[in-house]
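Descriptive structure summary
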Amino acid sequence: MRQEFTARIETVRAQVREARDRADAEKICAQKANEEMTRRMAEYRRGRLYDVAAVVTSAASGFTAGYHTQKHADLRIGGAPVAAVAGVPGVLAGALLDESVVTRSVFAVGGTMFMVGATAYALIHPQGQGG
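So, here is what we can say about the structure in this document. Source: prediction; values computed, not measured. (Residues numbered from 1 in each chain as written. Predicted model: local features only at pLDDT ≥ 70, side-chain atom pairs only at ≥ 80, totals over all residues. Heavy atoms only, no water.)

1. Re the layout of surface pockets
Space left empty within the atom packing is revealed by a probe, the size of a water molecule, rolled over the atoms. Within this model, the largest pocket holds a volume of roughly 270 Å³. Surrounding the largest pocket, 13 residues form its lining, Tyr44, Gly47, Asp51, Val101 and Val102 being those nearest its centre. For the lining of the largest pocket, the secondary structure elements donating two or more residues are α1 (2–46), α2 (49–72) and α4 (101–124). A total of five residues in the lining of the largest pocket trace back to one element, the largest contributor, which is α1. The class makeup of the residues in the lining of the largest pocket is five nonpolar, two polar and six charged. (1 Å grid on protein atoms, 1.4 Å probe; cavity = no way out; pocket = protein on both sides within 12 Å on 5 of 7 lines; lining within 4 Å. Points joined across faces, edges and corners; volume = space filled by probe spheres on them. Helix = DSSP H or I, 4+ residues; strand = E, 2+ residues; numbered from the N terminus. Nonpolar A, V, L, I, M, F, W, Y, C, P; charged D, E, K, R; others polar.)

2. Re the pattern of salt bridges
This structure, assessed with the given rule, holds eight salt bridges. Across the salt bridge formed by Arg13 and Glu10, the nearest N and O atoms sit 3.1 Å from each other. One end of the pair is Arg13 and the other is Glu10, both in helix α1 and three residues apart, which spans about a single turn. Note on Arg13: relative accessible area 47%, which makes it partly exposed. With its nearest N and O atoms 2.8 Å apart, the salt bridge here joins Glu43 to Arg48. On the basis of relative accessible area, Arg48 is assigned to the partly exposed category, the value being 39%. One salt-bridge network, held together by shared partners, links Glu36, Arg39, Arg40, Glu43 and Arg48. (Salt bridge = Lys/Arg side-chain N within 4 Å of Asp/Glu carboxyl O. Buried < 20%, exposed > 50% of the residue type's maximum accessible area, 1.4 Å probe, protein only.)

3. Quick notes on the packing of aromatic side chains
The final tally for this structure, using the stated rule, is two aromatic pairs. Centroid distance Phe63 to Tyr67: 6.2 Å. Interplanar angle 25°. Geometry classified as stacked. Of this pair, Phe63 and Tyr67 both sit in helix α2, four residues apart, roughly one helical turn. According to the relative accessible area criterion, Tyr67 is buried, its value standing at 19%. Joined through ring pairs, the aromatic side chains of Phe63, Tyr67 and Tyr121 make up one cluster. (Phe/Tyr/Trp six-rings, centres within 6.5 Å; stacked < 30°, edge-to-face > 60°.)

4. Details of the environment of Ala65
Relative to the assigned elements, Ala65 resides in helix α2. Sequence spacing of Ala65 and Met41 is 24 residues, and the spatial spacing of their C-alpha atoms is 35 Å.

5. With respect to α2
In a regular helix each residue adds 1.5 Å, so 24 residues correspond to 34 Å; α2 covers 34 Å between its end C-alpha atoms and thus fits that length. Among the residues making up α2, those that are buried are Asp51, Ser58, Ala59, Gly62, Gly66, Tyr67 and Gln70. (Expected span 1.5 Å × (residues − 1).)

6. Side note on α1
Spanning 45 residues, α1 covers 65 Å between terminal C-alpha atoms, matching the ideal 66 Å at 1.5 Å per step. Remark: Gly47 follows α1 within two positions and exhibits a positive phi of approximately 85°.

7. Focus on the packing of α2 against α4
Geometrically, a packed helix pair is captured by the angle between its two axes and the distance between the axes. Packing of α2 against α4 brings their axes to within 6 Å, and their N-to-C directions diverge by 30°. When the axis of α2 is compared with that of α4, the two are roughly parallel. Every pair of crossing elements has a handedness; the one defined by α2 and α4 is right-handed. Grouping the constituent residues of the contact of α2 with α4 by class yields 16 nonpolar, eight polar and two charged. (Axes fitted to C-alpha atoms, helices over the stretch in contact; angles between N-to-C directions. Parallel < 35°, antiparallel > 145°, perpendicular 65-115°, else oblique. Left-handed = near helix turned anticlockwise from the far one by under 90°.)

8. Description of the packing of helix α3 (residues 88–96) against α4
As a packed pair, α3 and α4 sit with axes 7 Å apart at the nearest point and diverge in direction by 155°. The orientation of α3 relative to α4 falls into the category roughly antiparallel. The two elements α3 and α4 meet at a crossing, and its hand is left-handed. For the pair α3 and α4, the contacting residues are Val88, Gly90, Val91, Ala93, Gly94 and Ala95 in the first and Arg104, Phe107, Ala108, Gly111, Thr112 and Met115 in the second. Grouping the amino acids of the contact of α3 with α4 by side-chain chemistry returns seven nonpolar, four polar and one charged. (Contact = heavy atoms within 4.5 Å.)

Okay, structure coming up:
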């Protein structure tokens, strides 16, 4: 009877130890999963470096394209540059696309900066001065 009781005690100890190990492992894994989720959420919120580079490149190229388009096709109605209208599709695409925030931003920022570039040319070079 004593050996049977000792065997039961050892079995219970092994089960408790196994349960503790499992609980500890689950806790560690949950912490790692939380850390990974937190890191990914922060990356999503801030964006990656190439996301920022894409938006900045879109802004610079949109401005440049708008400026040069207005320079080479300097048509104005009431002093407003007509070429600026060409930036509207980019803004609309950015507003209406069902894509990531970065993709939408690239279109919207590029279109907006195209309009700003065309307007900047018109303001820097008043009608009749040419370029």
